[in-house]
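Summary of structural features
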Amino acid sequence: MEPTGTIAFTTVGRPHYGFDLFSLNLDPNLINHTSERRLTGGTSINFNGHFLDENQTLVYVSERSGSPRIYQIRPGVTKPEQLLSVPGSLYHDRPIVKNGRLYFVSAHERPEKPFISWSAVYSTGLDDKAVVQLTPHGVVDYSPAISRSGKFIAVASYGSRPWGGEFHELHTDIVVFRESEPEKRVVVCERGGWPTWSGDSNLYFHRQADDGWWSIFSVNLPEGFQSSSISEAPRRITPPRVHCFTPAAMQGSKRIAVATRRKGSNFRHIEIFDIDSKKFYPVTESLNPNFHHYNPFVSPECGFLGYHRFRGESSPGESTIPHLDPVVSPINELRMLRLNGSFPSFSPAGDLIAFNHDFEAKGGLKIVKSDGSKRWTVLKDRTAFYNSWSPTEKHVIYTSVGPIFESVKATVQIARISFDPSYLDDDREDIPADVKILTREETGNNAFPSCSPDGKSVVFRSGRSGNKNLYIIDAVNGELEGGIRQLTEGPWIDTMPSWSPDGKLIAFSSNRHNPDNLNAFSIYVIRPDGSDLRRVYVAGSEGSVDVDRERINHVCFSADCEWLLFAANLGGMTAEPISLPNQFQPYGDLFVVRLDGSGLKRLTWNGYENGTPAWHTGNEVDMGRMCLGSENGDKLTGEFDEPLWISCEL
């Protein structure tokens, strides 16, 4: 039987983006630029644009339909037109139109093995709609660029290699092939990403230089090039002491538009670099000094420069972050909701969701209706994380109180939060609650509670022994009155337990198969009495190379206990991380698998980190009645981080 129900999950940073596409006229002298013009209408997020002409006809990616799809908007037309959507694809990116054909990235064809990205380059005629795969089967391609004549295509390619696990700079090569002969591919440069053409013979691309600065490099291709004729080493174009990435060549000149990060500024801006004079010309910093600007693109005759950024708090369009945002699911009977928060947990009836809102602001514990219509605060001015709603009590939620991601000695407590459910019928926003601490303060880091289906016990992870293992306590009296029982023991990490709805098993993540590797987590299940411990092999059979590369967390059960839901690295990287805001683990996608490790299904495709899922089956959420209006949600302020691994202190 296929998985059913409703899944709520979080995506790092994504609710705060508020991206729209903007353009401005380019001054030939690169001194004065007219004010910005917004090109997209403020619905959802809109990004990675491409100009078709000097009229600013635009193709771009939007998530307005619940997944990244390609749209076109023409001057004077307010409603965008959705272009081709590949059947079965929930991810489209980097659209380019040239000579009546649309080129783009899709991630709908599953590789034969795990840890290989699904991303590949495709094309279709704007009229005939027949889709052609340009990337050979088994090969991974990102970031396509089309030469000025349309004869050549350049990509950042992994080839057929498996993903190496990196996510700062992907180990891709710059590969070129003729549009008419996509199978005849030439590696023109090892190490590089985000290629852009100047004419038909010059390529620019970014990579991290040996001195640590992201820089733009160039390689020239002889006319009618063949693999044996490419001998020129790539040449560094931009200087050190400034990060430069995601270049866009300006045709007919020796200039490129780039996104930059400079020492002394926390924001990414667009600048134009003149290759001959080696001079930068700032563009966006004077217009919007405190906004990030991403992924520049230039019109064919260089009259206009485009990019995407946060639309601004006073701009028309969506100005609030919905509590819950529907996301397209690849499984018909499975509904998916992106939460503005983390660590969701459904109430027994599924009509409410407990979650943690903002760790930095000590957002405590909140409750939201599962249709997104109203939100309450239950615990405030304290850091709380990882929640478990009692399956037998509508008014009881278990959570971890204390700092997140800390050592075994940090004081983190398991708390039982109880409240009067009649308050949910009032107009109040804050609900009085009783907080009962269930663990001893001197025992250090106790976190990740999961309540048993009968409501009598709580399993959690504790570092009290010096190792992070699992323990069980009484759900009402805690260890102070009811005692404590150690469930797992050993010099490894057992964490994030989930009690099965039938009470027979507890699933958890552990690196016990490789304790020295803090990135190697797999799924294990154990009976509540400590017997029948076993590993669920997801990426391959026992003893295979792939299974020990698993990084699986946030596991939970389906209502029938037949399926496991989790976040994992199995799908590799879907997009170049440097082109996006910060993601702690941009390879994090959601998957389901049967309890025996079979039937693996992928649920999310994007360049973000998706995680902390919760699964409810019963009275399902009616997506058609979701409350997404402007009155329901936080104010959209564009507060998100640049990649934290980009340092200007080099």
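Residues numbered from 1 in each chain as written. Predicted model: local features only at pLDDT ≥ 70, side-chain atom pairs only at ≥ 80, totals over all residues. Heavy atoms only, no water.

Some points on the overall build of the protein
- For the protein, the helix and strand inventory stands at one helix and 50 strands.
- Compactness check: the protein gives a C-alpha radius of gyration of 26 Å against a globular reference of 26 Å for 650 residues, within 12% of the reference.
- Across its three principal directions, the C-alpha atoms of the protein cover 80 × 55 × 50 Å.
- The proportion of buried residues among the 650 residues of the protein is 60%. (Helix = DSSP H or I, 4+ residues; strand = E, 2+ residues; numbered from the N terminus. Rg over C-alpha atoms; globule rule 2.2 N^0.38 Å. Buried < 20%, exposed > 50% of the residue type's maximum accessible area, 1.4 Å probe, protein only.)

Description of the sheet that holds strand E5 (residues 58-62)
- In space, the four strands of this open sheet follow the order E4-E5-E6-E7, with antiparallel pairing throughout. Among the strands making up the open sheet, the edge pair consists of strand E4 (46-51) and strand E7 (81-82).
- Two elements, E5 and strand E6 (residues 69-73), share five bridges in a ladder whose sense is antiparallel. Note on E6: the bridge partner recorded for Val61 is Ile70. (Pairing = 2+ DSSP bridges.)

Some words on the pairing of strand E34 (residues 396-401)
- In terms of residue burial, E34 counts as a mostly covered element, since six of its six residues are buried.
- Residues Val396, Tyr398 and Ser400 of E34 are buried on one face, and the alternating residues Ile397, Thr399 and Val401, pointing to the opposite face, are buried as well.
- As defined by bridge partners, strand E33 (residues 384-389) adjoins E34 across four bridges and the pair is classed as antiparallel. What sits directly across from Ser388, in E34, is Tyr398.
- If you look at the hairpin formed by E33 and E34, you'll find six residues sitting between the two strands.
- Where E34 lies against strand E35 (residues 413-419), six bridges are found, and the strand directions are antiparallel. Paired with Tyr398 across the bridge in E35 is Arg416.

As for the pattern of salt bridges
- In the structure shown here, the tally under the stated rule is 31 salt bridges.
- With a closest N to O distance of 3.7 Å, Asp173 and Arg161 form a salt bridge. Of this pair, Asp173 sits in strand E14 (residues 173-178) while Arg161 sits in the loop between strand E13 (152-159) and E14, placing them twelve residues apart in sequence.
- We classify Asp173 as buried; its relative accessible area is 16%.
- Between Lys635 and Glu313 there is a salt bridge, and its shortest N-O distance comes to 2.9 Å. Of this pair, Lys635 sits in strand E50 (residues 634-635) while Glu313 sits in the loop between strand E25 (304-310) and strand E26 (320-321), placing them 322 residues apart in sequence.
- Beyond isolated ion pairs, a larger network of salt bridges with shared partners links Asp20, Arg38 and Arg311. (Salt bridge = Lys/Arg side-chain N within 4 Å of Asp/Glu carboxyl O.)

Comments concerning the side chain of Ser265
- Examined against the element boundaries, Ser265 turns out to sit in the loop between strand E21 (255-261) and strand E22 (269-274).
- In this structure the side chain of Ser265 is engaged in a polar contact, spanning 3.2 Å, whose partner is the backbone nitrogen of Phe267. (Polar contact = N/O pair within 3.5 Å; in protein donor to acceptor, adjacent residues only side chain to side chain.)

A short note on the packing of aromatic side chains
- One pass over the full model with this rule turns up 25 aromatic pairs.
- Linked through ring pairs, Tyr17, Phe19, Tyr294, Tyr608 and Phe640 together constitute an aromatic cluster.
- Geometry around Phe217 places Arg207 over its ring, the cationic atom sitting 4.4 Å from the centre.
- Lying over the aromatic face of Tyr471, Arg464 brings its terminal NZ or CZ to 5.3 Å of the ring centre. (Phe/Tyr/Trp six-rings, centres within 6.5 Å; stacked < 30°, edge-to-face > 60°. Lys NZ or Arg CZ within 6 Å of the ring centre and 35° of its normal.)

Details of the sheet that holds strand E24 (residues 293-298)
- Ordered in space as E3-E2-E25-E24, the four strands form an open sheet in which the pairing is antiparallel. In this open sheet, the two strands that pair with only one neighbour each are strand E3 (37-38) and E24.
- Where strand E2 (residues 19-25) and E25 come together, seven bridges link them in antiparallel fashion. Bridge pairing links Leu24 to Leu305 in E25.

As for the pairing of E5
- Taken across its five residues, E5 has five buried, putting it largely inside the fold.
- Both faces of E5 are covered, namely the face carrying Leu58, Tyr60 and Ser62 and the face carrying Val59 and Val61.
- If you look at the hairpin formed by E4 and E5, you'll find six residues sitting between the two strands, and Gln56 has a positive phi there, around 70°.
- A loop of six residues connects E5 with E6, the two strands running antiparallel in sequence, and Gly66 in this loop sits at a positive phi of about 100°.

Points about the layout of surface pockets
- Here the second largest pocket is characterised by a volume of approximately 700 Å³.
- Around the second largest pocket, the lining comprises 34 residues; the ones closest to its centre are Ser345, Phe346, Ser498, Trp499 and Trp615.
- Classifying every residue of the lining of the second largest pocket gives 20 nonpolar, 14 polar and no charged. (1 Å grid on protein atoms, 1.4 Å probe; cavity = no way out; pocket = protein on both sides within 12 Å on 5 of 7 lines; lining within 4 Å. Points joined across faces, edges and corners; volume = space filled by probe spheres on them. Nonpolar A, V, L, I, M, F, W, Y, C, P; charged D, E, K, R; others polar.)

Re a negative patch on the surface
- Taken together, the side chains of Asp358, Glu360, Glu639 and Asp641 define an acidic patch exposed on the protein surface.
- Its place among the elements puts Glu360 in the loop between strand E30 (352-356) and strand E31 (365-369).
- By relative accessible area, Glu360 is classed as exposed at 78%. (Patch = residues over 30% accessible without salt bridge, like charges linked within 9 Å, V, L, I, M, F, W, Y side chains within 5 Å. Areas by Shrake-Rupley, 256 points an atom, 1.4 Å probe, with all protein chains shown as cover. Lys, Arg positive; Asp, Glu negative; His and termini not counted. Charge placed at Lys NZ, Arg CZ, Asp CG, Glu CD.)

Quick look at empty space enclosed by the protein
- Applying the stated criterion across every chain yields a total of five cavities of 30 Å³ or more.
- Reported here for the largest cavity is a volume of approximately 160 Å³.
- In terms of lining, the largest cavity is formed by 21 residues, of which the most central are Asn48, Tyr91, Asp93, Ala575 and Leu580.
- Broken down by secondary-structure element, the contributors of at least two residues to the lining of the largest cavity are E4, strand E8 (92-98) and strand E12 (140-146).
- The element contributing the most residues to the lining of the largest cavity is E8, with three residues.
- Across the lining of the largest cavity, the residue classes break down as ten nonpolar, seven polar and four charged.
- If you add up the space inside the second largest cavity, you get close to 100 Å³.
- Lining the second largest cavity are 13 residues, and of these Glu169, Leu170, His206, Trp214 and Glu576 lie nearest its centre.

Details of unusual backbone geometry
- For Phe115, which is not glycine, the phi dihedral falls at a positive 65°.
- In this structure, Phe115 sits in the loop between strand E9 (101-106) and strand E10 (120-125).
- The phi angle at Arg241 is positive, at roughly 75°, despite the residue not being glycine.
- Its location among the elements puts Arg241 in the loop between strand E19 (235-236) and strand E20 (243-250).

Comments concerning the environment of Ala233
- Secondary-structure assignment places Ala233 in the loop between strand E18 (214-220) and E19.
- Here Ala233 falls in the exposed class, since its relative accessible area comes to 55%.
- Along the sequence, Ala233 and Ala447 sit 214 residues apart, while their C-alpha atoms lie 53 Å from each other.

Things to note about the environment of Phe19
- Residue position: Phe19 is located in strand E2.
- Note: C-alpha distance between Phe19 and Gly638 (619 residues apart in sequence) is 8.5 Å.
- Setting aside residues no more than four positions away along its own chain, Phe19 makes contact with Ser44, Ile45, Asn46, Phe47, Tyr294, His308, Arg309, Phe310, Arg311, Pro581 and Phe640. (Contact = heavy atoms within 4.5 Å.)

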